Amino acid sequence: MNPFPLPRPATLPDKPKLLSLYCEVASRSGGIIREPHEITEEYIDKFLTNSLADGIILVVDDIDSGRIIGEIHTYRPSLSVFSHVLEHLTLVVHPSFQRKGIGRMLFTTLLSKVRSDHPEVLRVEVIVKESNHAARNLYRSLGFVEEGRMEKKIRRADGGFEADIPMAWFNPDYGMR
């Protein structure tokens, strides 16, 4: 049994807790692609607003501290030709709570929500660093497929480059209503 509460939809009042979570994750090497100085209130506000308006955003709370320890969000692009797509997918889990099933729980809840509540969504897209093997394995285990490579897309701190890997999950319930 998972010792954490089930994911819940995020709300606008979660913004300060999301900012805190993202700052914590960005401060650790390999956490997310953004540098700590790129985690701003404006960044949080943008994905929170977009996800609430036309996407999905879920959080997991730590019962003991009251803080948010995991978050996943995705939303539709603005162009109507992509109305069947959810993109900008981002998953973060507080470093102290990683490898405890929170990321998988957030992902499975999100994909279940797409299947049950969004039959108009065919694709869910995520882009992952080539070197993030744990994330790539998680996404594959959830049914995502790698769709190619964006060579030398990411500049590493050591000056070298690595590829970004686009992956997609296809909704088996697309158009079922």
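In the block above lies the structure referred to throughout.
From a predicted model like this one, the values you see are computed outputs, not experimental measurements.

**Q** Is there a simple way to explain the environment of leucine 21 in this structure?
**A** Its place among the elements puts leucine 21 in helix H1 (residues 15–26). Overall, the relative accessible area of 1% leaves leucine 21 in the buried class. Taking C-alpha positions, leucine 21 is 7.9 Å from valine 93, a pair spaced 72 residues apart along the chain.

**Q** Any chance you could explain the nonpolar core here in plain terms?
**A** A general trend in soluble globular proteins is that nonpolar side chains are found buried together. Core analysis: the largest hydrophobic core is formed by 31 residues, its most contacted members being Phe107, Leu110, Val124, Tyr139 and Phe144. Looking at this core, the elements with two or more residues in it are strand S2 (55–61), strand S3 (68–75), strand S4 (85–93), helix H3 (102–117), strand S5 (123–129), helix H4 (133–141) and strand S8 (161–170). The greatest single-element share of this core, amounting to seven residues, is contributed by H3. In this structure valine 124 touches Leu86, Leu89, Leu110, Leu111, Val114, Phe144, Met167, Ala168 and Trp169, once residues within four positions along its chain are discounted. In this structure, Ala10, Leu48, Ile68 and Val92 belong to the second largest nonpolar core, which totals 17 residues.

**Q** How should the environment of aspartate 45 be read in this particular structure?
**A** Mapped onto the fold, aspartate 45 is located in helix H2 (residues 41–54). On the basis of relative accessibility, which here comes to 31%, the residue aspartate 45 falls in the partly exposed class. For the pair aspartate 45 and proline 16, spaced 29 residues apart in sequence, the C-alpha separation works out to 9.8 Å.

**Q** Can you help me understand the side chain of aspartate 62 in this one?
**A** Here aspartate 62 shows up in the loop between S2 and S3. Buried charge without a partner: aspartate 62 forms no salt bridge, and the closest opposite charge is arginine 67, 4.3 Å away. Setting aside its immediate chain neighbours within four residues, aspartate 62 contacts Arg67, Ile69 and Phe97.

**Q** Got a minute to help me understand the environment of leucine 86 in this structure?
**A** By the element assignment, leucine 86 lies in strand S4. It is 19 Å that separates the C-alpha atoms of leucine 86 and serine 141, two residues lying 55 residues apart in sequence. Those residues in contact with leucine 86 that sit more than four places away from it in its chain are Asp54, Gly55, Ile56, Thr74, Tyr75, Arg76, Val114, Val121, Arg123, Val124 and Glu125.

**Q** Can you walk me through the packing of aromatic side chains in this structure?
**A** Working definition: an aromatic ring pair is given by the centre-to-centre distance plus the angle between the planes. Under the criterion given, the structure shown has seven aromatic pairs. Look at tyrosine 22 and phenylalanine 47: their rings are 5.1 Å apart centre to centre, the planes differ by 40 degrees, and that puts the pair in the tilted class. Taken as a pair, tyrosine 22 in helix H1 and phenylalanine 47 in helix H2 lie far apart in primary sequence, 25 residues in all. For tyrosine 22, a relative accessible area of 0% gives the class buried. Note on tyrosine 43 and phenylalanine 47: the rings are 5.2 Å apart at their centroids and 70 degrees apart in plane angle, and the pair reads as edge-to-face. Of this pair, tyrosine 43 and phenylalanine 47 both sit in helix H2, four residues apart, which is roughly one turn of that helix. We note that tyrosine 43, like phenylalanine 47, is buried. Through successive ring pairs, a cluster of aromatic residues spans Tyr22, Tyr43 and Phe47.

**Q** I'm lost on H3 in this one. Help?
**A** Between its terminal C-alpha atoms H3 stretches 22 Å, which fits the 22 Å expected from 16 residues at 1.5 Å a residue. Residues of H3 that are buried include every one of Ile102, Gly103, Met105, Leu106, Phe107, Leu110, Leu111 and Val114, and no others. Looking at the packing, one finds that the buried side of H3 touches S2, S3, S4, S5, H4 and S8.

The rules we used
Residues numbered from 1 in each chain as written. Predicted model: local features only at pLDDT ≥ 70, side-chain atom pairs only at ≥ 80, totals over all residues. Heavy atoms only, no water. Helix = DSSP H or I, 4+ residues; strand = E, 2+ residues; numbered from the N terminus. Buried < 20%, exposed > 50% of the residue type's maximum accessible area, 1.4 Å probe, protein only. Core = buried A, V, L, I, M, F, W, Y, C linked by side-chain atoms within 4.5 Å. Contact = heavy atoms within 4.5 Å. Lys, Arg positive; Asp, Glu negative; His and termini not counted. Salt bridge = Lys/Arg side-chain N within 4 Å of Asp/Glu carboxyl O. Phe/Tyr/Trp six-rings, centres within 6.5 Å; stacked < 30°, edge-to-face > 60°. Expected span 1.5 Å × (residues − 1).

Read these as geometric descriptors, not functional statements.
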